[in-house]
Amino acid sequence: MAPDAAGGEPTARAVAVVPAAGRGERLGYGMPKALVPVRGTALLTHAVRGLLNAGCVRHVVVAAPPADVEVVAALLRDADLPADVVPGGADRTDSVRRAFEHAVKAVPDVRVVLVHDAARAFTPPSVIRAVVAAVASGAPAVIPVLPMADTVKQVDFDGTVLATPDRSALRVVQTPQGFATDVLTRAYAEAGDSATDDAGLVEKIGVPVATVPGHACAMKVTTPFDLAIAEAVLAGQENS
């Protein structure tokens, strides 16, 4: 959603996996979250276009709700966005696994894989390029992060506060997350249980995860409030 401020394109070109099979009940649209429109265009379309426009992504694979594979494929075709669409799984991890397996078969020589949430549809190109460049430079896994702005409390099951973690050491994680292909392959083979982010699986196998600066525009659209913010910011850019 923000103009890109980064420099040139990384030498590596990545494959991007986009899990987009979530139902998005909290948005209240009665459709998969990835298909919810922002300024008349589906979140997924914004996300895929952003990946391809970053100039460092050579191929995109989308994991769609199994019943909506043809709908999603047609949506991307109509937007003139080349991408493969595969049926997603029972949860996010299974959807990423299916799309990742397809991506490796489609592009056997790929060395950098991105995993990007369709709900983070407005991640600036500078962030995408920074993640790809860091993996291409030798980092086995890279995630974009932001400092915590709020105080965080650790609580027990009854909601009683147990501790106040030092927020200076905490970060909010965004996507795309980038991985060396062999590292993500190993993570799914050895620690392939369900996880909310793929870096968590990589951490479980003892591989270090590096960070690059994220961006406020890489917010995750989850609630109607988030959607309203995305609409307003995108409208401001279109009118500027």
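Residues numbered from 1 in each chain as written. Predicted model: local features only at pLDDT ≥ 70, side-chain atom pairs only at ≥ 80, totals over all residues. Heavy atoms only, no water.

Caption draft 1: Structural detail: a nonpolar patch on the surface. Together, Phe225, Ile229 and Val233 make up a nonpolar patch on the protein surface, roughly 260 Å² of accessible area in all. With respect to the element layout, phenylalanine 225 can be found in helix H7 (residues 224-239). Owing to a relative accessible area of 59%, phenylalanine 225 belongs among the exposed residues under this scheme. (Patch = residues over 30% accessible without salt bridge, like charges linked within 9 Å, V, L, I, M, F, W, Y side chains within 5 Å. Areas by Shrake-Rupley, 256 points an atom, 1.4 Å probe, with all protein chains shown as cover. Salt bridge = Lys/Arg side-chain N within 4 Å of Asp/Glu carboxyl O. Helix = DSSP H or I, 4+ residues; strand = E, 2+ residues; numbered from the N terminus. Buried < 20%, exposed > 50% of the residue type's maximum accessible area, 1.4 Å probe, protein only.)

Caption draft 2: Local environment of helix H5 (residues 181-190). Of all the residues in H5, the buried ones are Thr181, Val183, Leu184, Ala187 and Tyr188. One face of H5 carries all of its buried residues, which in axial projection span an arc of 165°. Seen from the buried face of H5, the exposed residues on the opposite side, beyond 90 degrees, are Asp182, Ala189 and Glu190. Tucked inside the fold, the buried residues of H5 contact helix H3 (92-106), strand S6 (112-115), strand S11 (177-180) and helix H6 (198-204). (Arc of directions from axis to C-beta. Contact = heavy atoms within 4.5 Å.)

Caption draft 3: Region of the structure containing the pattern of salt bridges. Scanning all chains against the criterion turns up six salt bridges. In this structure, the salt-bridge partner of glutamate 190 is arginine 186, at a minimum N-O distance of 3.1 Å. Of this pair, glutamate 190 and arginine 186 are both found in helix H5, four residues apart, which corresponds to roughly one turn of the helix. Several salt bridges converge on common partners, so that one network encompasses Arg92, Asp117, Arg120 and Asp198.

Caption draft 4: Local environment of the nonpolar core. Ranked by internal contacts, the top residues of the largest apolar core, which has 31 residues, are Leu44, Val57, Val62, Val72, Leu76, Val85 and Leu114. In this structure valine 85 touches Val62, Ala64, Val69, Val72, Ala73 and Leu76, once residues within four positions along its chain are discounted. Among the nonpolar cores identified, the runner-up in size contains 26 residues, and Val17, Val61, Ala99 and Phe100 belong to it. (Core = buried A, V, L, I, M, F, W, Y, C linked by side-chain atoms within 4.5 Å.)

Caption draft 5: Focus on the pairing of strand S4 (residues 57-64). Of all eight residues in S4, seven are buried, a share of seventy percent or more. Bridge count for S4 against strand S5 (residues 84-87) is four bridges, and the pairing is parallel. From the neighbouring strand, valine 61 faces S5, where its bridge partner is aspartate 84. (Pairing = 2+ DSSP bridges.)

Caption draft 6: Geometry of H7. Taking 1.5 Å of rise per residue, 16 residues should cover 22 Å, and H7 covers 22 Å from first to last C-alpha, within 8% of that figure. Listed as buried for H7 are Asp226, Leu227, Ala230, Leu234 and Ala235. The buried side chains of H7 occupy one side of the element, clustering within an arc of 165° when seen end-on. Of the exposed residues in H7, the ones pointing more than 90 degrees away from its buried face are Phe225, Ala232 and Asn239. Those residues of H7 that are buried lie in contact with strand S2 (37-38) and helix H1 (43-53). (Expected span 1.5 Å × (residues − 1).)

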